[in-house]
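Descriptive analysis of the structure
Read off the chains here:
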Amino acid sequence: MCVDLSVTVGDGVRLHVRQREGARRPAFLLVHGLASNARLWDDVAAELSVAGFPSYAVDLRGHGDSDLPAAGFDTATAAADLAALATALHLREQGLVVVGQSWGGNVAVRLAAEHPALVTALALVDGGWIDLAAEFDSWEACAAALRPPDLDGRRADDVRAHLRHAHPDWSDAAIEATVANLRVAPDGTVTRRLPVPQHMSIVRSMFDDPPQRFYPALAMPVLLLPALPAGQPDRAARVRSRVQAAARALPRATIREYPDSDHDLHAQHPERLAADLLELVR
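In this report, the structure presented in the accompanying data block is examined. (Residues numbered from 1 in each chain as written. Predicted model: local features only at pLDDT ≥ 70, side-chain atom pairs only at ≥ 80, totals over all residues. Heavy atoms only, no water.)

1. Comments concerning the overall build of the protein chain
Our working definition: Runs of E in the DSSP output that reach at least two residues are strands. Runs of H or I that reach at least four are helices, and both are numbered from the N terminus. Note that the radius of gyration is over C-alpha atoms, with the globule rule given as 2.2 Å times the number of residues to the power 0.38. When accessible area is computed with a 1.4 Å probe and restricted to protein chains, residues below 20% of their type maximum are described as buried, those above 50% as exposed, and intermediate ones as partly exposed. Residues count as neighbours in contact if any of their non-hydrogen atoms are within 4.5 Å of one another.
In terms of regular secondary structure, the protein chain is built from eleven helices and twelve strands. For a compact globule of 282 residues, the expected C-alpha radius of gyration is about 19 Å, and the protein chain comes in at 18 Å, within 12% of that figure. Dimensions of the protein chain along its principal axes, counting C-alpha atoms only, are 50 × 40 × 40 Å. The buried share of the protein chain, taken over its 282 residues, is 55%. Pairs at least 24 apart in sequence give 73% of the contacts found in the protein chain among residues at least 6 apart.

2. Comments concerning the side chain of Ser261
Threshold: Polar contact criterion, stated in full: a pair of N or O atoms within 3.5 Å, where within protein one must be able to donate a hydrogen and the other to accept it, and residues adjacent in sequence count only if both atoms are side-chain atoms.
Within the secondary structure, Ser261 sits in the loop between strand E12 (258–259) and helix H10 (265–268). Residue Ser261 is classed as buried on the basis of its relative accessible area, which comes to 8%. Only 3.3 Å separates the side chain of Ser261 from the backbone oxygen of Tyr258, close enough to count as a polar contact. A polar contact of 3.0 Å, which involves the side chain of Ser261, links it to the backbone oxygen of Pro259. Sequence-distant contacts of Ser261, that is, excluding residues within four places in its chain, are made with Ala227, Leu228, Pro229, Ala230, Gln268 and His269.

3. Side note on the environment of Ala230
For Ala230, the position within the fold is in the loop between strand E10 (227–228) and helix H9 (233–249). Assessed through its relative accessible area of 45%, Ala230 is described here as partly exposed. Separated by 42 residues in the primary sequence, Ala230 and Arg272 place their C-alpha atoms 18 Å from one another. Excluding residues that lie within four positions of it along the chain, Ala230 makes contacts with Asp260 and Ser261.

4. A look at the pattern of salt bridges
Quick reminder of the rule: Should a side-chain nitrogen of Lys or Arg be within 4 Å of a carboxyl oxygen of Asp or Glu, the pair is scored as a salt bridge.
Using the criterion set out here, one finds 15 salt bridges in the structure. A salt bridge links Arg193 to Asp65; the nearest nitrogen and oxygen atoms lie 3.6 Å apart. Of the two residues, Arg193 is situated in the loop between strand E8 (190–192) and helix H8 (196–208) and Asp65 in the loop between strand E4 (55–58) and helix H2 (75–88); the sequence distance between them amounts to 128 residues. Taking the relative accessible area as the measure of exposure, Arg193 reaches 17% and is therefore buried. The exposed category is assigned to Asp65, whose relative accessible area is 53%.

As C-alpha coordinates, then:
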(Lines give C-alpha, C1' and ligand atoms only; values in the text may rest on other atoms or scores of the structure.)
Protein backbone atom coordinates (compact mmCIF):
# COMPACT_ATOMS: atom_id res chain seq x y z
CA MET A 1 0.00 0.00 0.00
CA CYS A 2 1.23 3.48 -0.89
CA VAL A 3 0.84 6.31 1.64
CA ASP A 4 1.23 9.96 0.64
CA LEU A 5 3.23 12.12 3.06
CA SER A 6 3.98 15.85 3.21
CA VAL A 7 7.34 16.65 4.82
CA THR A 8 8.70 20.11 5.61
CA VAL A 9 12.36 20.67 4.70
CA GLY A 10 14.48 23.85 4.27
CA ASP A 11 12.82 27.27 4.14
CA GLY A 12 9.48 25.75 5.08
CA VAL A 13 9.17 23.97 1.72
CA ARG A 14 6.94 20.91 1.81
CA LEU A 15 7.95 17.86 -0.20
CA HIS A 16 5.48 15.19 -1.24
CA VAL A 17 6.59 11.59 -0.61
CA ARG A 18 5.08 8.27 -1.70
CA GLN A 19 5.86 5.77 1.07
CA ARG A 20 5.58 2.00 0.91
CA GLU A 21 6.09 -0.04 4.06
CA GLY A 22 8.38 -3.01 4.53
CA ALA A 23 9.81 -4.90 7.49
CA ARG A 24 13.30 -5.41 6.07
CA ARG A 25 16.22 -2.97 6.08
CA PRO A 26 17.62 -0.83 4.58
CA ALA A 27 15.01 1.48 3.09
CA PHE A 28 15.15 2.87 -0.45
CA LEU A 29 15.02 6.59 -1.21
CA LEU A 30 13.92 6.99 -4.84
CA VAL A 31 14.85 10.27 -6.54
CA HIS A 32 13.41 11.24 -9.92
CA GLY A 33 15.06 13.23 -12.70
CA LEU A 34 14.53 16.75 -13.99
CA ALA A 35 10.89 17.63 -14.72
CA SER A 36 9.74 14.19 -13.56
CA ASN A 37 7.95 13.05 -10.40
CA ALA A 38 7.77 10.37 -7.72
CA ARG A 39 4.94 8.41 -9.36
CA LEU A 40 7.26 7.14 -12.09
CA TRP A 41 8.90 4.97 -9.41
CA ASP A 42 5.61 3.20 -8.53
CA ASP A 43 6.27 -0.03 -10.45
CA VAL A 44 9.80 -0.31 -9.00
CA ALA A 45 8.58 0.51 -5.49
CA ALA A 46 5.90 -2.18 -5.74
CA GLU A 47 8.58 -4.78 -6.55
CA LEU A 48 10.71 -3.63 -3.61
CA SER A 49 7.67 -3.85 -1.34
CA VAL A 50 6.94 -7.43 -2.42
CA ALA A 51 10.52 -8.26 -1.41
CA GLY A 52 9.84 -6.71 2.01
CA PHE A 53 11.76 -3.44 1.66
CA PRO A 54 10.28 -0.01 2.43
CA SER A 55 10.69 2.83 -0.03
CA TYR A 56 10.24 6.59 -0.12
CA ALA A 57 9.77 8.15 -3.55
CA VAL A 58 10.09 11.92 -3.27
CA ASP A 59 8.87 14.80 -5.42
CA LEU A 60 11.73 17.31 -5.40
CA ARG A 61 10.81 20.97 -4.92
CA GLY A 62 8.82 22.33 -7.84
CA HIS A 63 8.03 18.81 -9.06
CA GLY A 64 4.95 16.64 -8.69
CA ASP A 65 2.86 17.57 -5.66
CA SER A 66 5.68 19.33 -3.78
CA ASP A 67 5.80 23.08 -3.19
CA LEU A 68 7.01 25.50 -5.86
CA PRO A 69 9.01 28.08 -3.88
CA ALA A 70 10.70 31.17 -5.30
CA ALA A 71 14.24 29.78 -5.12
CA GLY A 72 16.40 26.71 -4.60
CA PHE A 73 16.32 25.09 -8.03
CA ASP A 74 19.79 23.58 -8.15
CA THR A 75 21.55 20.33 -7.32
CA ALA A 76 22.97 21.49 -3.99
CA THR A 77 19.58 22.57 -2.63
CA ALA A 78 17.92 19.37 -3.83
CA ALA A 79 20.53 17.32 -1.95
CA ALA A 80 20.05 19.43 1.18
CA ASP A 81 16.29 18.92 0.92
CA LEU A 82 16.78 15.17 0.82
CA ALA A 83 19.04 15.25 3.89
CA ALA A 84 16.38 17.21 5.76
CA LEU A 85 13.72 14.77 4.57
CA ALA A 86 15.77 11.83 5.83
CA THR A 87 16.09 13.47 9.23
CA ALA A 88 12.38 14.30 9.44
CA LEU A 89 11.38 10.71 8.56
CA HIS A 90 14.07 9.13 10.80
CA LEU A 91 15.56 7.32 7.82
CA ARG A 92 19.06 7.47 9.28
CA GLU A 93 18.05 4.80 11.78
CA GLN A 94 16.90 2.47 8.98
CA GLY A 95 19.91 2.75 6.73
CA LEU A 96 19.27 4.05 3.26
CA VAL A 97 19.91 3.00 -0.31
CA VAL A 98 19.63 6.15 -2.42
CA VAL A 99 18.53 5.60 -6.01
CA GLY A 100 18.72 8.58 -8.39
CA GLN A 101 17.66 8.71 -12.04
CA SER A 102 19.15 11.21 -14.53
CA TRP A 103 19.59 14.56 -12.72
CA GLY A 104 18.38 12.71 -9.62
CA GLY A 105 21.57 10.67 -9.89
CA ASN A 106 23.62 13.86 -9.69
CA VAL A 107 21.57 14.86 -6.64
CA ALA A 108 22.10 11.44 -5.07
CA VAL A 109 25.87 11.68 -5.57
CA ARG A 110 26.01 15.01 -3.78
CA LEU A 111 23.77 13.76 -0.96
CA ALA A 112 25.96 10.69 -0.41
CA ALA A 113 29.19 12.72 -0.50
CA GLU A 114 27.96 15.32 1.97
CA HIS A 115 26.09 12.89 4.26
CA PRO A 116 28.00 9.60 3.99
CA ALA A 117 26.67 8.26 7.30
CA LEU A 118 23.17 8.42 5.85
CA VAL A 119 23.78 6.34 2.73
CA THR A 120 24.38 2.59 2.88
CA ALA A 121 24.62 2.21 -0.90
CA LEU A 122 24.01 4.27 -4.02
CA ALA A 123 22.36 3.36 -7.33
CA LEU A 124 22.69 5.71 -10.30
CA VAL A 125 20.07 5.13 -13.00
CA ASP A 126 21.29 6.64 -16.27
CA GLY A 127 22.59 9.63 -14.36
CA GLY A 128 25.01 10.63 -11.66
CA TRP A 129 27.75 11.10 -14.26
CA ILE A 130 26.09 13.88 -16.30
CA ASP A 131 28.63 16.62 -17.07
CA LEU A 132 27.02 19.18 -19.37
CA ALA A 133 30.11 21.40 -19.48
CA ALA A 134 31.96 18.50 -21.07
CA GLU A 135 29.25 18.06 -23.70
CA PHE A 136 28.74 21.68 -24.77
CA ASP A 137 31.22 24.39 -25.70
CA SER A 138 29.33 27.07 -23.78
CA TRP A 139 26.39 27.63 -21.48
CA GLU A 140 24.56 29.34 -24.35
CA ALA A 141 24.87 26.26 -26.52
CA CYS A 142 23.75 24.05 -23.65
CA ALA A 143 20.73 26.24 -22.89
CA ALA A 144 19.67 26.33 -26.52
CA ALA A 145 19.86 22.54 -26.81
CA LEU A 146 18.22 21.64 -23.50
CA ARG A 147 15.46 24.23 -23.15
CA PRO A 148 12.29 22.13 -22.86
CA PRO A 149 9.60 22.30 -25.56
CA ASP A 150 6.50 24.40 -25.03
CA LEU A 151 3.72 22.06 -23.91
CA ASP A 152 1.36 24.53 -22.25
CA GLY A 153 -2.03 24.51 -23.91
CA ARG A 154 -1.71 21.10 -25.50
CA ARG A 155 -4.36 18.51 -24.78
CA ALA A 156 -3.62 15.83 -22.22
CA ASP A 157 -5.03 13.12 -24.47
CA ASP A 158 -2.60 14.13 -27.22
CA VAL A 159 0.28 13.91 -24.74
CA ARG A 160 -0.88 10.41 -23.71
CA ALA A 161 -1.15 9.29 -27.32
CA HIS A 162 2.36 10.56 -28.05
CA LEU A 163 3.78 8.75 -25.02
CA ARG A 164 2.05 5.47 -25.90
CA HIS A 165 3.40 5.64 -29.44
CA ALA A 166 6.93 6.51 -28.27
CA HIS A 167 6.99 3.95 -25.44
CA PRO A 168 4.83 0.95 -26.36
CA ASP A 169 6.51 -1.20 -23.70
CA TRP A 170 5.66 1.11 -20.79
CA SER A 171 2.84 0.23 -18.40
CA ASP A 172 -0.32 2.31 -18.19
CA ALA A 173 0.86 3.43 -14.75
CA ALA A 174 4.14 4.73 -16.20
CA ILE A 175 2.30 6.61 -18.96
CA GLU A 176 -0.03 8.26 -16.44
CA ALA A 177 2.88 9.06 -14.15
CA THR A 178 4.60 10.88 -17.00
CA VAL A 179 1.43 12.80 -17.81
CA ALA A 180 1.45 13.82 -14.13
CA ASN A 181 4.52 15.96 -14.89
CA LEU A 182 1.85 18.34 -16.17
CA ARG A 183 -1.22 19.89 -14.60
CA VAL A 184 -4.41 19.10 -16.46
CA ALA A 185 -7.04 21.86 -16.51
CA PRO A 186 -10.79 21.14 -16.54
CA ASP A 187 -10.82 21.76 -20.30
CA GLY A 188 -8.23 19.01 -20.82
CA THR A 189 -5.28 21.26 -21.62
CA VAL A 190 -1.96 21.04 -19.77
CA THR A 191 0.62 23.30 -18.16
CA ARG A 192 4.04 22.42 -16.76
CA ARG A 193 4.31 21.77 -13.04
CA LEU A 194 7.95 22.90 -13.18
CA PRO A 195 8.02 26.22 -15.07
CA VAL A 196 10.68 26.72 -17.74
CA PRO A 197 12.73 29.32 -15.74
CA GLN A 198 13.07 26.92 -12.78
CA HIS A 199 13.82 24.06 -15.17
CA MET A 200 16.62 26.06 -16.75
CA SER A 201 17.97 27.06 -13.34
CA ILE A 202 18.48 23.37 -12.61
CA VAL A 203 20.11 22.83 -16.00
CA ARG A 204 22.49 25.71 -15.23
CA SER A 205 23.45 24.09 -11.93
CA MET A 206 24.17 20.86 -13.79
CA PHE A 207 26.38 22.78 -16.20
CA ASP A 208 28.23 24.65 -13.45
CA ASP A 209 28.51 21.85 -10.89
CA PRO A 210 28.93 18.33 -12.33
CA PRO A 211 29.08 15.41 -9.87
CA GLN A 212 32.53 14.04 -10.65
CA ARG A 213 34.31 16.10 -7.99
CA PHE A 214 32.30 14.26 -5.32
CA TYR A 215 33.28 10.74 -6.42
CA PRO A 216 36.32 10.32 -4.12
CA ALA A 217 34.07 10.83 -1.08
CA LEU A 218 31.79 7.93 -2.01
CA ALA A 219 33.13 5.02 0.02
CA MET A 220 29.84 3.07 -0.11
CA PRO A 221 29.00 0.58 -2.91
CA VAL A 222 27.80 2.38 -6.04
CA LEU A 223 25.81 0.64 -8.77
CA LEU A 224 25.92 2.34 -12.20
CA LEU A 225 22.95 1.51 -14.42
CA PRO A 226 23.37 3.14 -17.84
CA ALA A 227 20.77 2.98 -20.63
CA LEU A 228 22.40 2.32 -24.00
CA PRO A 229 20.09 3.65 -26.75
CA ALA A 230 18.94 1.33 -29.50
CA GLY A 231 20.16 1.93 -33.03
CA GLN A 232 22.68 4.61 -31.98
CA PRO A 233 26.05 2.85 -31.67
CA ASP A 234 28.09 6.06 -31.51
CA ARG A 235 25.95 7.48 -28.71
CA ALA A 236 25.97 4.16 -26.87
CA ALA A 237 29.77 4.11 -27.09
CA ARG A 238 29.95 7.62 -25.63
CA VAL A 239 27.66 6.65 -22.75
CA ARG A 240 29.72 3.52 -22.06
CA SER A 241 32.94 5.56 -22.04
CA ARG A 242 31.55 8.09 -19.56
CA VAL A 243 30.21 5.39 -17.27
CA GLN A 244 33.49 3.48 -17.30
CA ALA A 245 35.33 6.70 -16.45
CA ALA A 246 32.95 7.24 -13.53
CA ALA A 247 33.50 3.67 -12.31
CA ARG A 248 37.28 4.14 -12.36
CA ALA A 249 36.92 7.25 -10.18
CA LEU A 250 34.62 5.57 -7.64
CA PRO A 251 36.17 3.43 -4.90
CA ARG A 252 33.50 0.66 -5.02
CA ALA A 253 31.64 0.71 -8.33
CA THR A 254 29.75 -1.92 -10.32
CA ILE A 255 28.25 -1.42 -13.79
CA ARG A 256 25.08 -3.09 -15.08
CA GLU A 257 24.30 -1.99 -18.63
CA TYR A 258 20.80 -1.85 -20.11
CA PRO A 259 21.25 -2.24 -23.89
CA ASP A 260 18.61 -0.92 -26.30
CA SER A 261 16.84 0.97 -23.53
CA ASP A 262 15.14 4.27 -22.76
CA HIS A 263 16.53 6.94 -20.47
CA ASP A 264 13.63 6.22 -18.08
CA LEU A 265 14.72 2.72 -17.09
CA HIS A 266 12.37 2.76 -14.10
CA ALA A 267 9.43 3.10 -16.51
CA GLN A 268 10.64 0.66 -19.15
CA HIS A 269 12.24 -2.08 -17.03
CA PRO A 270 10.86 -1.78 -13.48
CA GLU A 271 11.11 -5.48 -12.63
CA ARG A 272 14.69 -5.80 -13.83
CA LEU A 273 15.71 -2.54 -12.19
CA ALA A 274 14.15 -3.59 -8.88
CA ALA A 275 16.00 -6.92 -9.10
CA ASP A 276 19.30 -5.09 -9.60
CA LEU A 277 18.55 -2.83 -6.63
CA LEU A 278 17.77 -5.85 -4.46
CA GLU A 279 21.06 -7.48 -5.48
CA LEU A 280 22.79 -4.33 -4.29
CA VAL A 281 21.43 -4.77 -0.76
CA ARG A 282 21.98 -8.53 -0.69
